[in-house]
Amino acid sequence: QVRLEESGGGLVQTGGSLRLSCTASGLTVSRYAMGWFRQAPGKERQLIASKSWDGRRAYYADSVKGRFTISRDNASNVAYLQMNNLTPEDTAVYFCAAEKNAYGLGYNARMFTSWGQGTQVTVAS
């Protein structure tokens, strides 16, 4: 059974940074495309960053490009999202996700079928 658990969310001031962690069990992150989604109040869940199974390709939504970085520690089976220069528009619940099938590229949001519970990120102005 796949389990993804996010941590690292919280309250931060505008311009600050946070690093989210996603600890995986029942799944080897080195074999799966991993992604980070976020959902703000009243909005749909959006794929904001992903990395292909081999780590060679990364996708970033325009809204986070240049500020967020997705990475992975294969030895620890953990995925990360480093978030810098945060703004109030980044306030949302952040979810870690894994693609349904191994060896994927991570570009298609619909292919992500395993989810964590989410962690709240609040950016104060």
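Just so you know, the residues in each chain are numbered from 1, in the order the chain's sequence is written. It should be noted that, the model being predicted, local features are given only for residues of pLDDT at least 70 and side-chain atom pairs only at 80 or more, the latter also being counted only at that level, while totals for whole chains, interfaces and linings use all residues. Where side-chain values are given, they derive from all heavy atoms of the structure, hydrogens and water being excluded.

1. Some details on the sheet that holds strand β7 (residues 68-73)
Pairing between two strands is assigned when DSSP locates at least 2 bridges connecting them. Secondary structure follows DSSP: runs of H or I at least 4 residues long count as helices, runs of E at least 2 residues long count as strands, and numbering of each begins at the N terminus. Pairing within the open sheet is antiparallel, and its four strands lie in the order β1-β3-β8-β7. Each of the sheet's edge strands pairs with one partner strand only, and the pair in question is β1 (3-7) and β7. Taken over all neighbouring pairs, the strand axes of this sheet differ in orientation by 20° on average, direction set aside. Here strand β3 (residues 18-25) pairs with strand β8 (residues 78-83) via six bridges, running antiparallel. Residue Arg 19 lies in a different strand from β8, and its bridge partner there is Gln 82. Under this scheme, a helix contributes an axis fitted over its contacting stretch, all axes are lines through C-alpha atoms, and angles between N-to-C directions fall in the 0 to 180 degree range.

2. Focus on the nonpolar core
Joining through side-chain atoms within 4.5 Å is the link that ties buried Ala, Val, Leu, Ile, Met, Phe, Trp, Tyr and Cys residues into a set, and such a set is a nonpolar core. Here the term buried applies to any residue with accessible area under 20% of the maximum for its type, exposed to any over 50%, and partly exposed to those in between, with areas from a 1.4 Å probe on protein chains only. Formed by 29 residues in total, the largest nonpolar core has its most connected members in Met 34, Trp 36, Ile 48, Phe 68, Leu 81, Met 83 and Tyr 94. Elements that contribute at least two residues to this core include exactly β3, β4 (34-39), β5 (46-51), β7, β8, β9 (92-99) and β11 (119-124). Whether two residues touch is decided by their heavy atoms; if any such pair falls within 4.5 Å, the residues are in contact. Apart from residues lying up to four places away in sequence, Met 83 is in contact with Gly 16, Ser 17, Leu 18, Leu 20, Arg 67, Phe 68, Tyr 94 and Val 121.

3. Digging into the packing of aromatic side chains
The geometry of two aromatic rings is summed up by the distance between their centres and the angle between their planes. When the centres of two rings from Phe, Tyr and Trp lie within 6.5 Å, Trp using its six-membered ring, the rings pair. Their planes under 30 degrees apart give stacked, over 60 give edge-to-face, and anything left gives tilted. Summed over the entire model, instances satisfying the criterion amount to five aromatic pairs. Their ring planes at 75° and their centres at 5.4 Å tell us that Phe 37 and Phe 112 sit as a pair that is edge-to-face. Here the residue Phe 37 occupies a position in strand β4, and Phe 112 occupies one in strand β10 (residues 112-115), the gap between them amounting to 75 residues. Of the two residues examined, Phe 37 and Phe 112, each falls in the buried class. Among the aromatic residues, those joined into a ring-pair cluster are Phe 37, Phe 95, Phe 112 and Trp 115. Above the plane of the ring of Phe 95 lies Arg 45, whose end atom (NZ or CZ) is 3.8 Å from the centre. The criterion is that NZ of a Lys, or CZ of an Arg, lies within 6 Å of the ring centre and within 35 degrees of the ring normal, and then a charge sits over that ring.

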